[in-house]
Amino acid sequence: CEIALVNINEKILDVNANFDFMFCPCLIDTKRKDIEALPDKSIAITLFNGAIRTDENEEMAHLLRKKTQILIAFGSCSAEGCIPGLANLYSSDELMKTVYIESPTVDNPRGLIPSSENKVREGTLNIPAFYPSVKTLSQVTDVDFFVPGCPPEPHQIWNIIEAVIQGAELPPKGSVLGGGKSSVCDECKRIKEDKKIKRFFRTYEIIPDQEKCLLEQGIICMGIATRDGCGALCPKVNMPCTGCYGPPHGVLDQGAKMVAALGSILDIGDIKGLEEKEINQKIDEIFKTIPD
């Protein structure tokens, strides 16, 4: 997401003609104090990428909210948590132990774990405090719009920037920009038939038919529970949708939507005369083919 803006190709010249870049750590060396010195609301748009994991992340979110007219949660991590949000399945202690002690590539015989305050020869070294859980941008400050994607697609990025350049009326505050209101399945051109699945496959276990629905072939494709707007790019190249555009319009919980879909398409055979325990065992056998 940090460099997704350059994916709009030659239109970056239009961005340059209409805006000054104020803060972008991977492109320019603006310091935090430079942003603090700006008048409030002097930044037209902030595309805020990344989830909130440390107190520094949250401080920057509040600072940029104060200085920005339009604050956009840009990309899946900022909007929904995305891959960093998986860390919320574990405690902070478990994460630190895995990364700094148990990782096979780490040489840490003293078992040192980072802390927010450290005494060194030159004095006290302060590093950002690690929060107990990952938060989205909107969980720590007020957000004007949300742009899904991992990263957002170039044409969707340009639609937003162009609207601001032309002074077009933007949707109501809190809207999702750069995404549709249906699902990726509606954009996907693959042939869809009756969905009955006897087992699931990881992507390396089979070479899927390039025309048939991936979910019907036993590959977990999140398209059925994911907002459209990306152009179904992953299924186009024989890879399943991983859900980066978030839930479709009107769906509160993307995971629950996907679980409900899977529950309706499992083929566990004839269950006549079986007890509930036996039925559950059949279901478990199918789900054991998905280690994650």
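It should be emphasised that the depicted structure is a prediction, and the values quoted were computed from it without experimental measurement.

Rules and cut-offs
- Residues numbered from 1 in each chain as written.
- Predicted model: local features only at pLDDT ≥ 70, side-chain atom pairs only at ≥ 80, totals over all residues.
- Heavy atoms only, no water.
- Pairing = 2+ DSSP bridges.
- Helix = DSSP H or I, 4+ residues; strand = E, 2+ residues; numbered from the N terminus.
- Axes fitted to C-alpha atoms, helices over the stretch in contact; angles between N-to-C directions.
- Contact = heavy atoms within 4.5 Å.
- Expected span 1.5 Å × (residues − 1).
- Buried < 20%, exposed > 50% of the residue type's maximum accessible area, 1.4 Å probe, protein only.
- Arc of directions from axis to C-beta.
- Polar contact = N/O pair within 3.5 Å; in protein donor to acceptor, adjacent residues only side chain to side chain.
- Phe/Tyr/Trp six-rings, centres within 6.5 Å; stacked < 30°, edge-to-face > 60°.
- Lys NZ or Arg CZ within 6 Å of the ring centre and 35° of its normal.

Participant: Describe in detail the sheet that holds strand β3 (residues 68-74), supporting the description with residues and values.
Facilitator: An order of β1-β3-β7 is seen for the 3 strands of this open sheet, with the pairing classed as parallel. Each edge of the open sheet is held by one strand with a lone partner, namely β1 (43-48) and β7 (145-147). Across the sheet, the axes of successive neighbouring strands diverge by a mean angle of 25°, strand direction being ignored. Note that β1 and β3 share 5 bridges and pair parallel. Bridge pairing links Ile43 to Thr68 in β3. Along the sheet, helix α3 (residues 55-67) contacts β1 and β3; its crossing angle with β3, the most-contacted strand, is approximately 140°.

Participant: Just give me the short version of helix α9 (residues 254-265), but keep the residues and values in it.
Facilitator: Across its 12 residues, α9 extends 17 Å between first and last C-alpha, which sits within 8% of the 16 Å expected from 1.5 Å per residue. Along α9, the positions that sit buried rather than exposed are Gln254, Met258, Ala261, Leu262 and Ile265. Relative to the axis of α9, the buried residues are bounded by an arc of 95° and lie together on one face. Turned more than 90 degrees away from the buried face of α9, the exposed residues are Val259, Ala260 and Gly263. One side-chain oxygen of the residue at the start of α9 lies 2.9 Å from the amide nitrogen of Gly255, identifying that residue as Asp253.

Participant: Explain the packing of aromatic side chains to me, using residue names and the numbers behind them.
Facilitator: This model, assessed by the stated rule, comprises 1 aromatic pair. Residue placement shows Lys135 over the ring face of Tyr131; its charged tip is 5.4 Å from the ring centre. Over the aromatic face of Phe201 sits the side chain of Arg199, whose NZ or CZ is 4.1 Å from the ring centroid.

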